[in-house]
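Per-entry structural report
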Amino acid sequence: MKILGIESSCDETAAAVVEDGRKVLSNVIASSLEEHKLYGGVVPEIASRRHAESISGVVSEALSQANCTIDDIDAIAVTYAPGLIGSLLVGVNFAKGLALASDKPLVPVHHLRGHIASNYLESSLEPEFLCLVVSGGHSHIVNVKDYTEIEIIGKTRDDAAGEALDKAGRAMGLAYPGGVSIDKLSKEGNENAFEFTHPRVSDSVYDYSFSGLKTAVINTIHNAAQKNIEINTADLATSFQKAVVDCLLEKLSLAADNYGAKKLVIAGGVSANSKLRQEVKKLCNKKKISLSIPELKYCGDNAAMIASQGYFEYKNGTVANESLNAYATMAIDSDYKA
Ligand code: KG4
Ligand code: ZN
């Protein structure tokens, strides 16, 4: 079964064709990232306009690279939540039009479920597993009981890990996205140069909180500036990255123990982080449990992961009609209701 996936939740306009949820026949991405760099973050208005300009060409290219026409496609999967509403609406409306014109089923896909599905691409991974989903807007520990059955174990109470890295990078004067810049700079820094206290979330052992860490790094920078002390940015970036990764893994490790996890998985933009990838490997080796990490090219936003999850949602009976809407927020464990 061939699924055409469409993704436009943030600044990537993406389309892909994936066979049976795993075999990537094409994966096309047009990004407006370079334009947003000027402003130090994604400008929603610009992102929406670029989606509107690119989407038709990106979808045509994805079909062509897969040696397909729309007639060869069994269903059209589209990200409908969560994300920037103006961005999501472009993908959702394009997919609705295409589904109507070609008389193909339309399958709504939750963006974060798509990130989890990036681990099914070119792999034989099957649920059940425990997954750390870390992106620019979300940080979750979830139990993936089945392809479309997800239980939230923990989530951030405030900032996402990616957001904290991006804001910290910005305060350090690094290029957007800060997470990527910090990862690059961490090759040159000392991770023990600065110490950051791990936040405690009083009434939950699995929930995260990153706003305190973010404030701590910003205060470090401001205090040094006031005292005219020069900070080694590579050391600060590396120490901050270590603190974020340590926090993420502390709770993931606890959840793995308490849930008796046999498989651990990471997903989302931050799963590209070299320190996170290194430390989660160590953790799984120590616990003797298997680990799945998405290929680097599938960590960030792409449509292959949406086509993959779309395949499993479709097999589970999830189909939308022309009234499908986009939603800026949507819990990962909520199923689509027509
Ligand atoms: O999943 P994603 O591409 O978009 C959202 O759904 O949010 O995630 C973007 C986030 C940004 O915060 C970015 O800084 C972070 O992923 N990110 C990284 C790395 N690559 C992307 N963070 C740390 N290290 C990286 N190598
Ligand atoms: Zn994403």
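Quick summary incoming for the structure in this document. (Residues numbered from 1 in each chain as written. Chains lettered and ligands numbered in written order. Predicted model: local features only at pLDDT ≥ 70, side-chain atom pairs only at ≥ 80, totals over all residues. Heavy atoms only, no water.)

**Regarding the packing of helix H8 (residues 233-258) against helix H9 (residues 274-287)**
The condition that has to hold: Only the stretch in contact is used when a helix axis is fitted, and all axes are lines through C-alpha atoms; the angle between N-to-C directions ranges over 0 to 180 degrees. Helix and strand definitions follow DSSP, with helices as H or I runs of at least four residues and strands as E runs of at least two, each counted in order from the N terminus. Here the word oblique covers every angle except those under 35 degrees (roughly parallel), over 145 (roughly antiparallel) and from 65 to 115 (roughly perpendicular). Helix crossings fall into two classes, left-handed where the near helix is turned counterclockwise from the far one by less than a right angle and right-handed where it is turned clockwise. Between two residues, a contact is recorded if the distance between any of their heavy atoms is within 4.5 Å. Asp, Glu, Lys and Arg are counted as charged, while Ala, Val, Leu, Ile, Met, Phe, Trp, Tyr, Cys and Pro are counted as nonpolar; the rest, among them Gly, fall into the polar class.
Packing of H8 against H9 brings their axes to within 10 Å, and their N-to-C directions diverge by 30°. Between H8 and H9, the angle falls in the class roughly parallel. When the axes of H8 and H9 are compared, the crossing they make is right-handed. Facing H8, whose interface residues are Gln241, Lys242, Val245, Leu248, Leu249, Leu252, Ser253, Ala256 and Asp257, H9 presents Lys275, Leu276, Glu279, Val280, Leu283 and Lys287. Taken together, the residues of the contact of H8 with H9 sort by class into eight nonpolar, two polar and five charged.

**As for the environment of isoleucine 231**
With respect to the element layout, isoleucine 231 can be found in the loop between helix H7 (211-226) and H8. In sequence terms isoleucine 231 and asparagine 93 are 138 residues apart; their C-alpha atoms lie 48 Å from each other. Not counting residues up to four positions away in its chain, the partners in contact with isoleucine 231 are Phe194, Thr220, Ile221, Ala224 and Leu236.

**Some thoughts on the pairing of strand E1 (residues 2-7)**
For the record, the criterion: The cut-offs for exposure are 20% and 50% of the maximum accessible area for each residue type, with area from a 1.4 Å probe on protein chains only; residues under the lower value are buried, those over the upper are exposed, and the others partly exposed. Note on pairing: DSSP must find at least two bridges between two strands before they are called paired.
Of all six residues in E1, five are buried, a share of seventy percent or more. Here E1 hands over to strand E2 (residues 12-19) after four residues, the two strands then running antiparallel side by side. Two strands pair when backbone bridges link them, and E1 and strand E4 (residues 75-81) are joined in this way by four bridges, in the parallel orientation. Within the sheet, the bridge partner assigned to isoleucine 3 lies in E4 and is alanine 75.

**Structural notes on the pairing of E2**
E2 sits mainly inside the fold: seven of its eight residues count as buried. Relative to E2, E1 runs antiparallel, the two sharing six bridges. Bridge pairing in E2 places lysine 2 opposite glutamate 19. As judged from the eight bridges shared by E2 and strand E3 (residues 23-31), these two strands associate in the antiparallel manner. In the sheet register, glutamate 12 faces E3, and the bridge partner there is serine 31. Turn length for the E2-E3 hairpin, with the two strands adjacent in sequence and antiparallel, is three residues, and the turn residue aspartate 20 shows positive phi of about 50°.

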